[in-house]
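What follows is each chain in one-letter form.
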Amino acid sequence: MPNSNFKGGLKIENPYPSNEIDLIRIPLPDKVVLPMQQRIGNQAIPCVSIGEHVLTGQIIATIDDDRCAPVHASISGTVTAIGNHVYAHQSGLKGLCVTIESDGKDEWVDTSIGCTENYKACLPLTIYDKIRISGIVGMGGAGFPTHTKMRLAAGCKNIIINATECEPGITCDAALMQAYPTKVIRGVEVLLHIIGAEKAIIAIEDDKQDSINELNKYCNNERIEIKVIPTKYTSGAEKILIKTLLGIQVPSGKFASDVGILCLNVATVVAMFDAVVENRPLISRAVTLAGSAIKEPKNFQVRLGATYDYLLSFVDLEEGSHKVTMAGLMMGINLKGTDYSVSKNTNCIFIDKAQESVVAQECIRCGMCNTVCPVELLPQQLYWFSKSENIEKAMDYNLLDCIECGCCSYVCPSNIPLVDYYQFSKALYKKQTQEKAQIEKARERFEFREMRLERNKSERAALMEAKKIALKEKMAKDRSQKEKIDAALERVNAAKIDNMEEDAS
Ligand code: SF4
Ligand code: SF4
């Protein structure tokens, strides 16, 4: 029987508790800056030009590639810029963005093309295509195109809906479930139909009682189970959730679909429902705004591309210097300021009061990091191997299975930024692997060239030999013919002499 708990992980109190988790709708922003790159997948290429008027829901960027989802205009208005702009990414680099200035009308394009409202009468391929052109991606953080994930999992037995929040302090999925419980349940029914799975489990943590009640109120499908699991960080990590719910261990280097499971975040299910049943592409999402510098945490339903500064104008922000984090305190990205915009995978923005940075001390070998690792790795050993750049050893200790959850760093009394070391080692491993592959390719190319030259040489030698033999044979033939002619001439001359002698006598 699967264990509803798991080894390791942390019980972390919500750092920003709130009595209210309503999903607040805010007025349309005057401007949106839409990034062309999701976290995972290929970058979309803009198909509009500066000065063009666009309608809400219109595709403004796409690419014919399964690892990319189109991007839609989230407001109606004029395209005022297409170019590089900072976007929320670890690298801190700029990325291609399309800026639209609103005309204040929110006029929609006709989105009923490829209509799948009566989805039960549609072929799965038609529905996958509707999900693709609606730009749906994983909204839990990864941002991987959903139509591709679903196609890979077609025919799988089980579906898991991840309704656990990724990290403490994020409440946008809970707010979404309370605002749209029927969309969640009907969205899961759409999934069951398309995938042909036997059952679906909605996994939800026990601290979200209001959301649990709402879902239970509208769920009367015996193929859908609402499973309450203990609130513990990292229960929402895909492989851990699968093990917790079904007792199935997804092998190292494999995915959920490899063991016959489709796992989707609950916000992705709602977006997929909107696309398939309501012909509504992905143009908005729920975002949590919280942090020690925000007096009251709030959840907003916000148009994609809205700027952080626009969102922050709806909360009470304390003055002073701030630390800005996107996607959670444990696994999120620290950002330089608020000059960013909401993308499909922006689930939260935390604004905390800036604190003095802590200095890392020597490892005291206390072993606390080892006890909290939810993947049952040995973080202490990984740290030593990473520090000494002994990548081979780190790989022997399954570094690639580290989900970078940050539990080990969180409990480390020496404040060692352990995850930074693992990220560094992974990057180094990737570099070394690429270099090795390049060397291997170069070696193969060299060996092939040598082989080709050797083959050409032997072919040339064989040709010369054949020519030599043919010439010899020809010369021998010519010689024998000449001998025959000479003999014939001799015979003729001899006959002539005989005749002359006879005439003379
Ligand atoms: S928790 Fe920190 S100090 Fe303790 S063993 Fe791990 S790395 Fe070392
Ligand atoms: S960051 Fe990696 S090593 Fe540390 S606890 Fe999480 S999974 Fe384990």
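Remember, predicted model here, so these are calculated numbers, not experimental data.

In this section: the sheet that holds strand E8 (residues 94-102). Reading across from one edge, E2-E8-E7-E4 is the order of the four strands in this open sheet, with antiparallel pairing throughout. One side of each edge strand has no neighbouring strand; the edge strands of this open sheet are strand E2 (31-35) and strand E4 (53-54). Of the pairings in the sheet, the one linking E4 to strand E7 (residues 77-86) comprises two bridges and is antiparallel in character. Bridge pairing in E7 places histidine 53 opposite threonine 78.

Right, let's get into the domain arrangement of the protein. For the protein, the assigned domains read domain 1 (112-280) and domain 2 (361-505). Between the C-alpha centres of domain 1 and domain 2 there is a distance of 47 Å. Summed over the shared surface of domain 1 and domain 2, the number is zero salt bridges. There are two residue pairs in polar contact (both at pLDDT 80 or more) connecting domain 1 and domain 2.

Interhelical geometry of helix H1 (residues 124-133) versus helix H7 (residues 266-278) gives an angle of 115° and a closest axis separation of 9 Å. With respect to each other, H1 and H7 are oriented roughly perpendicular. Seen from above, H1 lies across H7 with right-handed handedness. In this structure, H1 contributes Ile127, Lys130 and Ile131 to the contact, and H7 contributes Met272, Ala275 and Val276. Split by residue class, the contact of H1 with H7 holds five nonpolar, no polar and one charged.

A few words now on the packing of aromatic side chains. What the rule picks out here adds up to seven aromatic pairs. Ring centres of tyrosine 383 and tryptophan 384 lie 5.1 Å apart, and the angle between their planes is 50°; this geometry places the pair in the tilted category. When its relative accessible area of 3% is taken as the criterion, tyrosine 383 is described as buried. Accessibility expressed as a relative area gives 26% for tryptophan 384, which makes it partly exposed. Among the aromatic residues, those joined into a ring-pair cluster are Phe300, Tyr310 and Phe314. Here the basic side chain of lysine 183 rests over the ring of tyrosine 180, its NZ or CZ set 4.7 Å away from the ring centre.

Glancing now at the pairing of strand E15 (residues 322-326). The two faces of the sheet receive side chains in turn, since in a regular strand these alternate between them. Of the pairings in the sheet, the one linking E15 to strand E17 (residues 348-353) comprises five bridges and is antiparallel in character. For histidine 322, the partnering residue across the bridge sits in E17 and is lysine 353. Bridge analysis of E15 against strand E16 (residues 333-335) gives three bridges, and the strand direction is antiparallel. Bridging across to E16, valine 324 finds its partner in leucine 335. If you look at the hairpin formed by E15 and E16, you'll find six residues sitting between the two strands, and alanine 327 has a positive phi there, around 80°.

In the vicinity of ligand 2 lie 13 residues, with Cys373, Cys402, Cys405, Gly406 and Cys408 positioned nearest. When contributions to the shell around ligand 2 are tallied by element, the ones reaching two or more residues are helix H12 (407-411) and helix H13 (418-504). Here the residues of the shell around ligand 2 are counted per class, giving eleven nonpolar, one polar and one charged.

Around ligand 1, the neighbouring residues are Cys363, Ile364, Arg365, Cys366, Gly367, Cys369, Gln380, Cys412, Pro413, Ser414 and Leu418. Here the shell around ligand 1 is built from residues that sort into seven nonpolar, three polar and one charged.

Pairing is parallel in the open sheet, where four strands are placed in the order E11-E10-E9-E12. Two strands in the sheet have a free side with no partner beyond their single neighbour: strand E11 (224-229) and strand E12 (261-265). Neighbour to neighbour, the strand axes of the sheet diverge by 25° on average, direction disregarded. Strand direction decides the pairing type here: strand E9 (residues 158-162) and strand E10 (residues 199-205), joined by five bridges, are parallel. When the bridges of E10 are listed, isoleucine 160 appears paired with isoleucine 201. Taken strand by strand, helix H5 (residues 209-218) contacts E10 and E11, and its axis lies near 155° from that of E10. In this fold H7 packs onto E9 and E12, with an angle of close to 90° to the strand it touches most, E12.

What counts, and where the lines are drawn
Residues numbered from 1 in each chain as written. Chains lettered and ligands numbered in written order. Predicted model: local features only at pLDDT ≥ 70, side-chain atom pairs only at ≥ 80, totals over all residues. Heavy atoms only, no water. Pairing = 2+ DSSP bridges. Helix = DSSP H or I, 4+ residues; strand = E, 2+ residues; numbered from the N terminus. Domains from an automatic or database assignment. Salt bridge = Lys/Arg side-chain N within 4 Å of Asp/Glu carboxyl O. Polar contact = N/O pair within 3.5 Å; in protein donor to acceptor, adjacent residues only side chain to side chain. Axes fitted to C-alpha atoms, helices over the stretch in contact; angles between N-to-C directions. Parallel < 35°, antiparallel > 145°, perpendicular 65-115°, else oblique. Left-handed = near helix turned anticlockwise from the far one by under 90°. Contact = heavy atoms within 4.5 Å. Nonpolar A, V, L, I, M, F, W, Y, C, P; charged D, E, K, R; others polar. Phe/Tyr/Trp six-rings, centres within 6.5 Å; stacked < 30°, edge-to-face > 60°. Buried < 20%, exposed > 50% of the residue type's maximum accessible area, 1.4 Å probe, protein only. Lys NZ or Arg CZ within 6 Å of the ring centre and 35° of its normal. Near = heavy atom within 4 Å.

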